[in-house]
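Next come the chains, spelled out residue by residue.
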Amino acid sequence: MRKLTVIALGVLAINSLSAQQALWDSSKIKSPQVNEDNTVTFQFYAPQADLVQVTGDFLPPRELETPGHGKVSVAGIADLTKDENGVWSFTTPSPLDPELYMYSFIVDGLRSLDPANVYMIRDVATVTNIFLIDGEGSRAHNYMVNDVPHGSVSRVWYDSPGLGMKRRMSIYTPPGYEDSNESYPVFYLLHGAGGDEEAWLALGRTAQIMDNLIAEGKAEPMIVVMTNGNPSQEGAPGETSEGLFPPNMDISRMNRGEFETSFPDVVNYVDKHYRTKADKAHRAIAGLSMGGFHSLHTSKLYPDMFDYVGLFSAAIFPFEGRNGAPVYQDFEGKLKTQFEKNPKLYWIAIGDEDFLYQDNVKFRKILDDNKYPYVYYETPEGHIWKNWRIYLTEFAPQLFK
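Counting starts from 1 at the beginning of each chain's written sequence and moves along it residue by residue. For this predicted model, a pLDDT threshold of at least 70 governs which residues receive local features, and a threshold of 80 or more governs which side-chain atom pairs are given and counted, while totals over whole chains, interfaces and linings are taken from all residues. Side-chain numbers come from the whole structure's heavy atoms, not from hydrogens or water.

Novice: I would appreciate a short explanation of the overall build of the protein in the present structure.
Specialist: A helix here means a DSSP run of H or I that spans at least four residues, while a strand means a run of E at least two residues long, and both kinds are numbered starting from the N terminus. Regarding its fold elements, the protein presents nine helices and 20 strands. Residue burial in the protein is summarised as follows: out of 401 residues, 50% are buried. Taking the intrachain contacts of the protein between residues at least 6 apart in sequence as the baseline, contacts between residues at least 24 apart amount to 73%. Total accessible area on the protein stands at roughly 19,100 Å², and carbon and sulfur atoms take up 53% of it. With a 1.4 Å probe rolled over the protein chains alone, any residue whose accessible area is under 20% of its type maximum counts as buried; one over 50% counts as exposed, and the rest are partly exposed. Contact criterion: two residues are considered in contact whenever any of their non-hydrogen atoms come within 4.5 Å of each other. Here, Shrake-Rupley sampling with a 1.4 Å probe gives the accessible areas, and only protein chains in the shown set may cover a residue.

Structure, rendered in structure tokens:
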């Protein structure tokens with residue numbers, strides 16, 4: 001019995017040492033290193049590798065041929081240089097602007113995370129590292145956790161009779177919500193294809209942006225509701241009864257009108273469970289890419305629901321004949337009804353290199369031909385989170401004034 005006890009204690013000691021190894025086994029390489037002049041140095045230890053590269057949105061974009069969309073801009077690639085100790089390094093040739101950047105390494109053709117950087121993020125099925133360059137007075141300063149009052153984020157489940165399932169969404173409540181009896185306007189913020197109810201929080205920095213805009217007096221205190229726009233899903237991958245299913249870009253049910261027609265399920269839940277100003281004048285809806293498509297069609301399907309509409313790099317496709325779904329029929333008739341009800345703000349934003357740019361030009365022509373008022377905001381670059389964070393930072397201050 002004593003021998004078994006000694007063995008058990010030995011195993012426990014080994015497991016304990018193994019568990020504690022992470023306390024002492026930190027990397028001696030610092031990567032990325034933001035230098036005083038805002039150049040950034042990346043390092044990767046791989047003495048046996050023949051080629052190490054870094055790819056990320058801080059590099060000049062390169063063109064990639066894609067089926068259906070032709071050439072699109074994707075993140076650039078740069079080669080690292082190896083020293084005598086097997087450490088590969090690369091320093092950006094010029095300073096980087098304040099921004100949240102995403103990157104990863106490619107080691108002999110195999111994509112790899114940075115072992116020296118614990119900060120990483122998932123975008124659909126791709127995990128990348130991130131780093132943030134701050135700058136007082138810059139937009140990127142809004143992406144920081146600054147010394148201001150903070151709101152709260154909850155993940156809630158609601159019943160959606162329209163989709164026949166319980167579903168999950170993320171909800172931001174502004175600073176002071178829990179300690180007040182005040183009612184608030186609601187901003188419904190929708191993600192793009194392959195995303196979920198976590199996307200705007202993780203990649204879009206929504207909580208940080210709203211905290212900072214509200215603290216600066218630039219945005220009204222508001223509730224922000226981030227739904228899951230995939231009608232076939234209960235919620236984000238790994239957070240549902242389906243278990244750890246692989247994230248994917250399946251948008252097979254995106255254009256059946258199910259998400260749009262069931263949207264009152266979301267609004268009804270929020271109005272019932274939160275202190276909201278439950279009228280058109282105090283509701284906004286906006287989304288990126290697929291979320292812009294959903295915002296476009298939901299807002300015209302329910303013209304008395306939203307006074308503020310934002311289309312961020314919106315996916316805008318031929319409107320008639322979308323699998324026979326009534327939501328997409330009589331597009332111009334529904335649009336006419338919507339604008340006859342005088343929405344306070346119809347806001348369109350897109351990058352000048354976005355693959356959806358020409359579709360947005362055609363849509364704006366419809367608005368122009370009918371003299372429907374809207375605000376247009378154009379940025380450089382393409383279909384990227386950098387732009388969507390900018391659009392959120394610009395759009396939110398215009399709401400509920």
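So, next bit.
Novice: How should the sheet that holds strand S8 (residues 87-91) be read in this particular structure?
Specialist: Picture the strands of a sheet paired through backbone hydrogen bonds; they go either parallel or antiparallel. Paired strands are those between which DSSP finds at least two bridges. Judged by pairing direction, the sheet is antiparallel, and its four strands sit side by side in the order S1-S2-S8-S7 without closing on themselves. Edge strands, defined here as strands with exactly one partner in the open sheet, are strand S1 (33-34) and strand S7 (81-82). Across two bridges, S7 lies against S8 in antiparallel orientation. Residue pairing for S8: Thr81 is matched across the bridge by Ser89.

Novice: Whenever I open this one, the packing of aromatic side chains confuses me. Can you help?
Specialist: Each aromatic ring pair is characterised by the separation of its centres together with the angle its planes make. In this scheme Phe, Tyr and Trp rings, the latter by its six-membered ring, pair at centre separations within 6.5 Å, and the angle between planes marks the pair as stacked below 30 degrees, edge-to-face above 60, and tilted otherwise. Overall, the coordinates contain 32 aromatic pairs when judged by the stated rule. Between the aromatic rings of Phe42 and Phe131, the centroid separation amounts to 5.7 Å while the plane-to-plane angle is 70 degrees, which identifies the pairing as edge-to-face. Within this pair, whereas Phe42 is found in strand S2 (residues 40-45), its partner Phe131 is found in strand S12 (residues 126-133), the two being separated by 89 residues in sequence. Pair check on accessibility: Phe42 and Phe131 agree, each one buried. Taken together through their ring pairs, the aromatic side chains of Phe187, Trp200, Phe312, Trp347, Tyr377, Trp385, Trp388, Tyr391 and Phe395 make up a single cluster. Sitting over a ring, as applied to charges here, requires NZ of Lys or CZ of Arg to be within 6 Å of the ring centre and within 35 degrees of the ring normal. The ring of Tyr376 has Arg364 lying over it, and the distance from NZ or CZ to the ring centre is 3.6 Å. In this arrangement the basic side chain of Arg389 is found over the ring face of Tyr143, its NZ or CZ atom lying 5.5 Å from the centre.

Novice: Which parts of the structure should I look at to understand the packing of helix H7 (residues 331-340) against helix H8 (residues 357-369)?
Specialist: In helix packing, the relevant descriptors are the interaxial angle and the interaxial distance, both defined with respect to the helix axes. Axis definition: a line fit to C-alpha positions, over the contact stretch in the case of helices; interaxial angles, taken between N-to-C directions, run 0 to 180 degrees. Between H7 and H8, whose axes approach to 11 Å, the crossing angle comes to 55 degrees. Of the possible angle classes, the one that applies to H7 and H8 is oblique. Between H7 and H8 lies a crossing whose hand is right-handed. Contact residues: Phe331, Glu332, Leu335 and Phe339 in H7; Phe363, Ile366 and Leu367 in H8. The cut-offs work like this: below 35 degrees is roughly parallel, past 145 is roughly antiparallel, 65 to 115 is roughly perpendicular, and the gaps in between are oblique. Throughout, a crossing is termed right-handed when the near helix is turned clockwise from the far one, and left-handed when it is turned anticlockwise from it by less than a right angle.

Novice: Teacher, can you tell me more about the pairing of strand S14 (residues 165-173) here?
Specialist: Looking down a regular strand, the side chains alternate between one sheet face and the other. Burial of S14 is extensive: eight of the nine residues sit out of reach of the surface. The loop that links strand S13 (residues 152-160) with its antiparallel partner S14 comprises four residues; one of these, Gly164, has a positive phi angle of about 70 degrees. In this structure, S14 lies alongside strand S16 (residues 223-226), joined through three bridges in antiparallel fashion. In the strand pairing of S16, Tyr172 is matched with Val224.

Novice: Sorry if this is basic, but what is going on with the sheet that holds strand S19 (residues 345-351) here?
Specialist: Pairing in this open sheet of eight strands is mixed, and the strands run S13-S14-S16-S15-S17-S18-S19-S20 from one edge to the other. Only two strands of the sheet have a single partner each, and these edge strands are S13 and strand S20 (375-379). Taking the axes of each pair of neighbouring strands and ignoring which way they run, one obtains an average angle of 20 degrees across the sheet. The pairing of S19 with S20 spans five bridges and is parallel. Note that in S20 the partner of Ile348 across the bridge is Tyr376. Relative to strand S17 (residues 283-288), helix H6 (residues 290-301) is tilted by about 145 degrees, and along the sheet it contacts strand S15 (186-190), S17, strand S18 (308-312) and S19.

Novice: Would you take a moment to explain unusual backbone geometry for this structure?
Specialist: Looking along the chain, the bond that leaves Ser31 and enters Pro32 is cis, with omega of -5 degrees. One can find Pro32 in the loop between helix H1 (2-24) and S1. The backbone of Asp330 sits at a positive phi, close to 50 degrees, despite the residue not being glycine. If you trace the backbone, Asp330 turns up in the loop between S18 and H7.

Novice: I keep staring at the nonpolar core and nothing clicks. Help me out?
Specialist: Core analysis: the biggest nonpolar cluster contains 39 residues, and Phe187, Trp200 and Phe312 have the highest contact counts within it. In contact with Phe187, other than residues within four places in its own chain, are Met222, Ile223, Val224, Val225, Ala284, Ile285, Ala286, Leu392, Phe395, Leu399 and Phe400. Ranked by size, the runner-up nonpolar core spans 35 residues in total, among them Val266, Val270, Ile316 and Phe331. Among buried residues, the Ala, Val, Leu, Ile, Met, Phe, Trp, Tyr and Cys ones that are joined through side-chain atoms within 4.5 Å form a nonpolar core.

Novice: I tried to follow H8 on my own but got confused; where do I start?
Specialist: Along an α-helix, residues three or four positions apart point the same way, because every turn accommodates 3.6 residues. The span you would expect from a helix comes to 1.5 Å times its residue count less one. For H8, built from 13 residues, the straight-helix expectation of 18 Å at 1.5 Å per residue is met to within 8% by its first-to-last C-alpha distance of 18 Å. Within H8, burial applies to Tyr357, Asn360, Phe363, Arg364, Ile366 and Leu367. Buried residues along H8 sit in contact with H6, S18, H7, S19 and S20.

Novice: Whenever I open this one, H7 confuses me. Can you help?
Specialist: Among the residues of H7, Phe331, Lys334, Leu335, Gln338 and Phe339 are the ones counted as buried. All buried residues of H7 fall inside an arc of 130 degrees around its axis, so they share one side. Contacts made by the buried residues of H7 are with H6, S18, S19 and H8. Of the residues flanking the end of H7, it is Asn342, one or two places downstream, whose phi is positive at about 55 degrees. Picture the helix axis, draw a direction to every C-beta atom, and the arc is the one those directions span.

Novice: What should I look at first to understand the environment of Ser295 in this one?
Specialist: Residue position: Ser295 is located in helix H6. Judged by its relative accessible area of 0%, Ser295 falls in the buried class. Each C-alpha atom of the pair Ser295 and Ile285 lies 6.0 Å from the other, and the pair is 10 residues apart in sequence. Once you skip the residues sitting within four places of it in the chain, Ser295 turns out to touch Leu190, Ile285, Ala286, Gly287, Val309, Gly310 and Leu311.

Scope: geometric values only; no functional claims are made or implied.
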